[in-house]
Amino acid sequence: MDTKQTGIKMFDLNRKFFDNAFMAAGNIQDQFEKMMVSCMTLSPWFPEETRTWITERFDTCKNWRNQVKAAVDGHFQNMKNDLYGSGGAIADTAR
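Right, let's walk through the structure included here. (Residues numbered from 1 in each chain as written. Predicted model: local features only at pLDDT ≥ 70, side-chain atom pairs only at ≥ 80, totals over all residues. Heavy atoms only, no water.)

1. Remarks on the packing of helix H1 (residues 3–42) against helix H2 (residues 48–84)
- At a closest axis distance of 12 Å, the pairing of H1 and H2 adopts a crossing angle of 175 degrees. Classified by the angle their axes make, H1 and H2 are roughly antiparallel.
- Along the lines of polarity and charge, the residues of the contact of H1 with H2 split into 15 nonpolar, five polar and eleven charged. (Axes fitted to C-alpha atoms, helices over the stretch in contact; angles between N-to-C directions. Helix = DSSP H or I, 4+ residues; strand = E, 2+ residues; numbered from the N terminus. Parallel < 35°, antiparallel > 145°, perpendicular 65-115°, else oblique. Nonpolar A, V, L, I, M, F, W, Y, C, P; charged D, E, K, R; others polar.)

So, in structure tokens, the structure goes:
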């Protein structure tokens, strides 16, 4: 197998690994948020200020998660451009 092909396969494998791990972590966070909102709704002893504060923290975490995903996607796109070149074919120039 050619070195370039091996590099591309490793790149694709790492990309899939990141996407799957990120999706799993996001699903866990979303499930935890649903559980907490449900508990707060069913518990009358939670003050409204606390509910609002916790909900805002969940929104902040979602925003941070989206920012991390966007940054990593941008870096993966840069790596893809370096590997494949601008025409979509495997880049022949060595850096």
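2. Quick notes on the packing of aromatic side chains
- Taken as a whole and judged by the stated rule, the model has five aromatic pairs.
- Ring pairs connect the aromatic residues Phe11, Phe18, Phe22 and Phe76, which therefore count as one cluster. (Phe/Tyr/Trp six-rings, centres within 6.5 Å; stacked < 30°, edge-to-face > 60°.)

3. What about the side chain of Ser43?
- Relative to the helices and strands, Ser43 resides in the loop between H1 and H2.
- We classify Ser43 as buried; its relative accessible area is 14%.
- A distance of 2.8 Å separates a polar atom in the side chain of Ser43 from the backbone oxygen of Cys39. (Buried < 20%, exposed > 50% of the residue type's maximum accessible area, 1.4 Å probe, protein only. Polar contact = N/O pair within 3.5 Å; in protein donor to acceptor, adjacent residues only side chain to side chain.)

4. A short note on the pattern of salt bridges
- Per the counting criterion, the structure on display carries seven salt bridges.
- The closest approach of N and O atoms between Arg57 and Glu56, which form a salt bridge, is 4.0 Å.
- Assessed through its relative accessible area of 39%, Glu56 is described here as partly exposed.
- Asp73 is the partner of Lys69 in a salt bridge, and the nearest nitrogen-oxygen pair spans 3.5 Å. Residue Lys69 and its partner Asp73 are located together in helix H2, separated by four residues, close to a single helical turn.
- A relative accessible area of 27% places Asp73 in the partly exposed class.
- If you follow the salt bridges from partner to partner, you end up with Arg15, Asp19, Lys69 and Asp73 in one network. (Salt bridge = Lys/Arg side-chain N within 4 Å of Asp/Glu carboxyl O.)

5. Considering the side chain of Arg65
- Relative to the assigned elements, Arg65 resides in helix H2.
- Given a relative accessible area of 17%, Arg65 falls into the buried group.
- A polar side-chain atom of Arg65 sits 3.3 Å from the main-chain carbonyl oxygen of Gly26.
- Contact partners of Arg65, with chain neighbours within four places excluded, come to Phe22, Gly26, Gln29 and Asp30. (Contact = heavy atoms within 4.5 Å.)

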